[in-house]
Amino acid sequence: MTLAELHQLLTVAVTGLADARAHSERATSLLGEARQALVDAQAKADPWLPSQYAQAGEGLDQLLVRLSAAEDLVSGYRSRL
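Quick look at the structure, then. Since the model is a prediction, treat every value here as computed from it, not as a measurement.

Time to look at helix α1 (residues 3-42). A rise of 1.5 Å per residue sets the reference length of α1, with its 40 residues, at 58 Å; its end C-alpha atoms lie 58 Å apart and thus fit the reference within 8%. Of the positions making up α1, those classed as buried are Leu10, Val14, Leu17, Ser24, Leu31 and Val39. Taken together, the buried residues of α1 touch α2 (51-80). Looking one or two residues beyond α1, the residue adopting positive phi is Ala43, at roughly 40 degrees.

Here's what the structure looks like:
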């Protein structure tokens, strides 16, 4: 594998990670919209939210951290080539 091919593959990887980040950020936004819809529908001081809501939010936060770390690693590796 040539250096140019490696650069090209790393560029594809960075693009894929950026796409995954965008999808994850959109999922986080949709989760927030779902929460607001539940709260608005119930219109009470202490609205009920499914237990999975918190788990989903935490999972998305962890995914975004991991994607960011992966992007940093691949970008750093690519810049050192």
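In this section: α2. Think of an α-helix as turning once every 3.6 residues; residues three or four places apart then point the same way. When the terminal C-alpha atoms of α2 are compared, their 45 Å separation across 30 residues agrees well with the 44 Å that a helix rising 1.5 Å per residue should span. The inward-facing, buried residues of α2 abut α1.

Conventions and cut-offs
- Residues numbered from 1 in each chain as written.
- Predicted model: local features only at pLDDT ≥ 70, side-chain atom pairs only at ≥ 80, totals over all residues.
- Heavy atoms only, no water.
- Helix = DSSP H or I, 4+ residues; strand = E, 2+ residues; numbered from the N terminus.
- Expected span 1.5 Å × (residues − 1).
- Buried < 20%, exposed > 50% of the residue type's maximum accessible area, 1.4 Å probe, protein only.
- Contact = heavy atoms within 4.5 Å.

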